[in-house]
Each structure stands twice: as C-alpha cells, then as structure tokens.
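Structural overview
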Amino acid sequence: MTWNPTTGCSKVSQGCKHCYAEIMSNRLQAMGVEKYRDAFEVREHPEALKIPYTWKKSKIVFVNSMSDLFHEKVSLEFIKRVFKVMNENPQHVFQVLTKRHERLLDVHNELKWTHNIWMGVSVEDQKVEHRIDYLRNTKSRTKFLSLEPLIGPLPNMNLEGIDWVIVGGESGHNPRPMNPDWVLDIQEQCERVDVAFFFKQWGGRNKKKNGRILNGRTYDEMPEIELQRSV
Ligand code: SF4
C-alpha cells in the first residue's frame, strides 16, 4: 500500500521523463481532490502523519508514491516527523525511494534508522549510478535499488551493502525500450553476490501482455522482513 505524507516533486533525471506521479497529480487536481489542489507543487501534509497508527495489520508501505521525501522543498523538520511515525510503527515495513541521493546523505545522520525502514535509490542508467554510493554510505539498515524504468545497461555495479534490486521496464504510451540483455546481466550480478532480485515487468505499451517472465520463470525475491524489533 502507499502512504503520501508529502505530494509534488520536480524532475531531476531521465527516469523522471514520464513521471506517473505528475500525471496522476494533475488528474486528481482536475477531479477536485483537495490534497492535490496545487497539482504537482511540493506540499507537506501533516494530517497524513496519523494514518499509519490506524492500520490494524502489519503492512508493507511504499512511502511517497506521489513525491520524493528528500526533495529540497520538503523541510528537514517534516522529514524528521515522517521518520518518527515510521519509528513508532515497527509493525509495518516502510519503503522509501529517492532520486535525491545528495540530500539523503546530507541529512541521514539526523534521522533514526529503525529496522522497519528500507531505503532505496532509483537508478535508470549509468549517468546516475553514483546514487548507489550515496545510499551505501547512509545508516539505513536495509538498502535497495529501483532500476526502473531501466533505460540503459548497468554492467559491473558495486552491490556491496545492497540488500535488494528491483528491475522494471517502462510502460505507458511512449515507453523507452529495455534490452533483455541488460536485465539478464543485472540478474547475474545479483546472483553472483547473493543480492535479492525482483523482476517487476518488461513494460511496453501492453505491460500485461508482456508480463514478467525472465529465464522461463518469475523472480520475486525480497530481503528478510524484520518486524516489531525496531524500538
Ligand atoms: S523524482 Fe520521482 S516523483 Fe519526482 S519527478 Fe522524478 S519520477 Fe516523478
């Protein structure tokens, strides 16, 4: 499930070209949804901070599907409040994904990294591969890479300290192609160093039809989940 204590963002690299959050935010604004009245402008939503306390069962939560928590316009004070909520809800796993690797590393020492917070960076091609080094240097206990939409090869990645790799091709009206050799190479890199590998989709205009079979099988590996031991 998703939890959006902030909304809005701005584009930083090629992976943002067909940003789903931007399209959805504009659509929700047009529909008159109050939370999106400023469309894709960065906004903090303090009222959303109460939501995780109301969930009865343990959940895997994707934080900020409509934004980037480490965007320069999100105040450090608010990032700390979001982390406090995650710290106080060790029964849930919170997955936080960013393309703002520099800000992440700048502020990571001021945040409390309980076991239930999984931190990831997006890497769509070699131009932004350095994001992995920034993530590696944070205190996050579970670290993951979202290689999606994969738009270039990523040979010889340094996966030291990385727990999980997700790969996916772009979908939508005008998707950029993903070469199967890039995916096979990444799967082999993960296998070599025993990093969990999850293949999400081939993508394309008809992502359902194209499916998610690689090497004649699906890949659904995940890091081990540690719950209720964080605080
Ligand atoms: S960082 Fe994410 S949310 Fe922000 S513009 Fe890029 S793809 Fe969209």
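See the structure printed just above.
Small disclaimer: the values here were computed from a predicted structure and weren't measured.

Cut-offs used in this document
Residues numbered from 1 in each chain as written. Predicted model: local features only at pLDDT ≥ 70, side-chain atom pairs only at ≥ 80, totals over all residues. Heavy atoms only, no water. Near = heavy atom within 4 Å. Nonpolar A, V, L, I, M, F, W, Y, C, P; charged D, E, K, R; others polar. 1 Å grid on protein atoms, 1.4 Å probe; cavity = no way out; pocket = protein on both sides within 12 Å on 5 of 7 lines; lining within 4 Å. Points joined across faces, edges and corners; volume = space filled by probe spheres on them. Helix = DSSP H or I, 4+ residues; strand = E, 2+ residues; numbered from the N terminus. Expected span 1.5 Å × (residues − 1). Buried < 20%, exposed > 50% of the residue type's maximum accessible area, 1.4 Å probe, protein only. Arc of directions from axis to C-beta. Contact = heavy atoms within 4.5 Å. Polar contact = N/O pair within 3.5 Å; in protein donor to acceptor, adjacent residues only side chain to side chain. Pairing = 2+ DSSP bridges. Salt bridge = Lys/Arg side-chain N within 4 Å of Asp/Glu carboxyl O.

**Regarding the site of the ligand**
Within the structure, the ligand sits among Cys9, Ser10, Lys11, Cys16, Cys19, Ser67, Asp68, Lys99 and Arg100. Tallied by class, residues from the shell around the ligand come to three nonpolar, two polar and four charged.

**Describing the layout of surface pockets**
Rolled over the atoms, a probe as big as a water molecule pinpoints where empty space is left. The computed volume of the largest pocket comes to approximately 1,400 Å³. Residue lining of the largest pocket: 43 residues in total, with Cys19, Tyr20, Ala21, Glu148 and Lys200 positioned closest to the centre. In terms of residue count, helix α1 (residues 20-30) provides more of the lining of the largest pocket than any other element does, five residues in total. A breakdown of the residues in the lining of the largest pocket according to their chemical character gives 16 nonpolar, 17 polar and ten charged. Approximately 160 Å³ is the volume attributed to the second largest pocket. No other element matches helix α3 (residues 101-107), which puts three residues into the lining of the second largest pocket. Partitioning the lining of the second largest pocket into residue classes produces three nonpolar, three polar and six charged.

**Digging into helix α5 (residues 180-192)**
The end-to-end C-alpha distance of α5 is 18 Å, a good match for the 18 Å that 13 residues give at a rise of 1.5 Å each. Among the residues making up α5, those that are buried are Trp182, Val183, Ile186, Gln187, Gln189 and Cys190. Taken end-on, α5 shows its buried residues confined to a sector of 160°, consistent with a single buried face. For α5, the exposed residues set more than 90 degrees away from the buried face come down to Asp181, Glu191 and Arg192. Residues of α5 that are buried make contact with β7 (142-147), β8 (164-168) and β9 (196-201). Put simply, Asn179 is the residue that caps the front of α5, since its side-chain oxygen is 2.8 Å from the backbone nitrogen of Asp181. Asp194 occupies a position one or two residues after α5 and carries a positive phi of about 60°.

**Concerning the sheet that holds β7**
In space, the seven strands of this open sheet follow the order β1-β4-β5-β6-β7-β8-β9, with parallel pairing throughout. Here the strands that pair on one side only, and so sit at the sheet edges, are β1 (2-3) and β9. Taken together, the five bridges between β8 and β9 define a ladder with parallel strand orientation. Bridged to Val167 within β9 is Phe199.

**Some details on the pattern of salt bridges**
Counting across every chain of the model gives 13 salt bridges. Of the charged contacts in the structure, one is a salt bridge between Arg100 and Glu72, with a shortest N-O distance of 3.6 Å. On the criterion of sequence distance, the pair formed by Arg100 in the loop between β5 (93-98) and α3 and Glu72 in the loop between β4 (60-63) and α2 (76-87) is long-range, its members being 28 residues apart. The exposure class assigned to Arg100 is buried, which follows from its relative accessible area of 6%. One connected set of salt bridges, linked through shared partners, spans Glu34, Arg37, Asp38 and Arg43.

Geometry only, nothing functional implied.
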